[in-house]
Amino acid sequence: MALTDSAIRAAKPADKPYRLFDSGGLYLEVAPSGGRWWRLKYRHVGKEKRLSLGVYPDVGLKDARAKRDDARKLIAAGTDPSAARKAARAAGVSDAANTFEAVAREWLAIRAKEWGASHLAKMTARLELYAFPAIGKRPIASITAPEVLAVSRGVESRGIVSTAHRVQQACGQVFRYAVQTGRAERDPAGDLRGALPAVRKTHFAAVTDPKKLPALLNALHSYTGGPVVRAALKLAPLLFVRPGELRSMEWANVDLEAAEWRFTASKTKTGHVVPLATQAVAILRELYELTGRGRYVLATARGGKRPMSENGVLVAMRSLGIEAEEMTGHGFRATARTILDEVLGFRIDWIEHQLAHAVRDANGRAYNRTAHLPERRKMMQQWADYLDSLRLSGLARHS
């Protein structure tokens with residue numbers, strides 16, 4: 001006679017374990033402790049065997065019967081359901097050990113023995129920032145070319161095509177290592193040649209060659225127009241924020257004692273912190289005497305109730321002979337990103353945070369505004385010192 005829910009609920013524990021039989025080999029074993037386990041009795045290759053199907057009431061009568069039916073289908077096909085379960089568990093362990101992130105970190109650990117610390121940090125950051133959040137938890141053998149392309153497209157959408165290429169190349173190196181160690185059969189990144197646009201120098205005109213920076217910096221410092229625009233020209237390369245963020249800087253968000261500027265980034269709509277180097281603090285202290293009573297740091301001369309013109313910095317640069325093809329207000333971001341990475345050797349994730357890009361960790365969570373703040377303070381000061389050294393070297397050559 002088949003079991004019923006009421007019969008199961010009415011069953012009381014006894015001194016010894018006993019069984020309540022359903023049908024098709026399914027039964028419920030009641031322990032003296034009160035625990036109740038679903039079991040399936042079956043025969044495979046002439047041997048009687050048992051298969052656990054779960055604990056009541058977590059697994060109800062209806063679910064237990066469904067599990068029994070699935071197991072009996074395997075038996076009818078000549079497969080031992082116990083062996084199939086063990087194989088599935090082993091595959092699960094194998095998948096966990098062979099995710100893209102697990103293989104990538106293994107590869108990085110091997111390469112660490114031959115790479116310099118700076119290069120290792122860059123490669124690690126590229127994978128942690130861009131690849132791991134998207135494909136890090138996936139079994140590496142099952143990742144497809146479109147999935148890898150989606151990773152690099154996400155980087156490209158930020159306007160950093162060169163980094164998109166580097167991320168794709170890094171993924172390819174991880175896949176090839178997986179092939180070499182028997183964790184994958186092929187490198188799907190190899191199918192993506194030509195999928196990304198060719199690298200151009202920059203979307204916004206920018207000076208990224210350190211040899212050309214001294215002339216630009218000295219030109220900016222030679223401006224003899226109004227003090228607000230003059231300050232903006234000096235702050236733009238030091239802070240490398242978006243032009244709209246610079247012109248709308250408010251005194252309420254600037255803490256000169258703490259040497260930092262906190263505001264909501266215009267693109268990501270998240271809190272952002274700009275550590276202020278001593279050079280930036282000096283410029284702002286001087287400007288405070290002029291605009292400190294108003295709302296905006298870079299206020300207009302007329303009443304100071306509005307920020308400086310959207311084209312104020314551009315017009316000033318053109319008056320100094322800096323052409324549109326050479327530099328734009330937005331170009332200071334490309335200048336800083338390129339040189340901080342390729343010349344000064346700072347970690348890419350620090351630079352990305354300072355650029356207020358939408359950076360996420362390996363679990364896909366957005367980093368908070370203070371991520372790597374001590375390191376970014378040092379980076380911003382070294383950046384300001386580097387710009388000063390270039391500017392002064394340019395003056396020395398022309399003296």
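As a convention, each chain's residues are numbered from 1 in the sequence order in which they are written. At least 70 in pLDDT is required for a residue's local features to be given in this predicted model, at least 80 for side-chain atom pairs to be given and counted, and no such filter applies to totals for whole chains, interfaces and linings, which use all residues. Excluded from the side-chain calculations are hydrogens and water; all other atoms, namely the structure's heavy atoms, are used.

(A) Quick look at the packing of aromatic side chains. Here a pair means two rings of Phe, Tyr or Trp (six-membered ring of Trp) with centres within 6.5 Å. Their orientation is stacked below 30 degrees between planes, edge-to-face above 60, and tilted elsewhere. Counting across every chain of the model gives 10 aromatic pairs. Ring centres of F100 and F132 lie 6.2 Å apart, and the angle between their planes is 75°; on these two criteria the pair is classed as edge-to-face. Remark: F132 occurs in helix α5 (residues 117-135) and F100 occurs in helix α4 (residues 100-111); sequence separation between them is 32 residues. Considered together, F100 and F132 belong to a single accessibility category, that of buried residues. Between the aromatic rings of F100 and F175, the centroid separation amounts to 5.4 Å while the plane-to-plane angle is 55°, which identifies the pairing as tilted. Residue F100 is found in helix α4, and its partner F175 is found in helix α7 (residues 161-180); the two are separated by 75 residues along the sequence. Under the relative-accessibility criterion, F175 is labelled buried at 0%. Helix and strand definitions follow DSSP, with helices as H or I runs of at least four residues and strands as E runs of at least two, each counted in order from the N terminus. Type-normalised accessible area, obtained with a 1.4 Å probe on protein chains alone, sets the label of each residue: buried when under 20%, exposed when over 50%, and partly exposed for intermediate values.

(B) Representation of the pattern of salt bridges. Any Lys or Arg side-chain nitrogen found within 4 Å of a carboxyl oxygen on Asp or Glu counts as a salt bridge. Across all of its chains, the model carries 25 salt bridges by this definition. Between E101 and K137 there is a salt bridge, and its shortest N-O distance comes to 3.4 Å. Of this pair, E101 sits in helix α4 while K137 sits in the loop between α5 and α6 (145-156); the two residues are 36 residues apart in sequence, bridging distant segments of the chain. With relative accessibility at 56%, the residue K137 sits in the exposed group. Each of the salt bridges in this network shares a partner with another, and the network as a whole consists of D22, R65, R68 and D69.

(C) Up close: the packing of α6 against α7. Under this scheme, a helix contributes an axis fitted over its contacting stretch, all axes are lines through C-alpha atoms, and angles between N-to-C directions fall in the 0 to 180 degree range. Taken N-terminus to C-terminus, the directions of α6 and α7 make an angle of 155°; their axes are 7 Å apart at the nearest point. Classified by the angle their axes make, α6 and α7 are roughly antiparallel. Between α6 and α7 the crossing geometry is right-handed. Contacts from V148, L149, V151, S152, V155 and E156 of α6 reach α7 at V161, T163, A164, V167, Q168, C171 and F175. Residues are grouped as follows: Ala, Val, Leu, Ile, Met, Phe, Trp, Tyr, Cys and Pro are nonpolar; Asp, Glu, Lys and Arg are charged; all remaining types, including Gly, are polar. Looking at side-chain class alone, the contact of α6 with α7 contains nine nonpolar, three polar and one charged residues. Should an angle lie under 35 degrees it is considered roughly parallel, over 145 roughly antiparallel, and from 65 to 115 roughly perpendicular; all remaining angles are considered oblique. Handedness of each helix crossing follows the sense of rotation of the near helix against the far helix: counterclockwise by less than a right angle gives left-handed, clockwise gives right-handed. Residue contacts follow a heavy-atom distance rule, with two residues in contact if any of their heavy atoms lie within 4.5 Å.

(D) Representation of the sheet that holds strand β7 (residues 271-275) within the structure. Two strands pair under a simple rule: DSSP has to find at least two bridges between them. Pairing is antiparallel in the open sheet, where three strands are placed in the order β5-β6-β7. Looking along the sheet, the strands with just one partner apiece sit at the ends: β5 (254-255) and β7. As defined by bridge partners, strand β6 (residues 260-264) adjoins β7 across five bridges and the pair is classed as antiparallel. The residue of β7 that forms the bridge with T264 is G271.

(E) Here's a closer look at the packing of helix α9 (residues 227-239) against helix α12 (residues 312-319). At a minimum axis distance of 10 Å, the contact between α9 and α12 shows a crossing angle of 85°. Between α9 and α12, the angle is such that the two are roughly perpendicular. Between α9 and α12, the contacting residues are V229, A232 and L233 on the first element and G312, V313, A316 and M317 on the second. In terms of residue class, the contact of α9 with α12 is made up of six nonpolar, one polar and no charged.

(F) Just the nonpolar core, in detail. If you look at the biggest cluster of nonpolar residues, it comprises 59 residues, and the most contacted ones within it are L239, V254, W261, L276, L284 and L298. Elements that contribute at least two residues to this core include exactly α8 (213-221), α9, β6, α11 (278-291), α12, α13 (331-342), α14 (348-354) and α15 (373-397). It is α9 that provides the largest number of residues to this core, a total of nine residues. Among all residues touching L298, those that are not within four sequence positions of it are V228, A231, A232, L246, R247, M249, L287, R306, P307 and M308. As used here, the term nonpolar core means buried Ala, Val, Leu, Ile, Met, Phe, Trp, Tyr and Cys residues forming a set that is joined through side-chain atoms within 4.5 Å. If you look at the next biggest cluster of nonpolar residues, it comprises 35 residues, including F132, A164, V174 and L196.

(G) Structural context of the side chain of D349. Structurally, the position occupied by D349 is in helix α14. In this structure D349 comes out as buried when scored by relative accessible area, which is 5%. The residues touching D349, leaving out its near neighbours within four places in the chain, are A125, L129 and H372.

The values are spatial; any link to function lies outside them.
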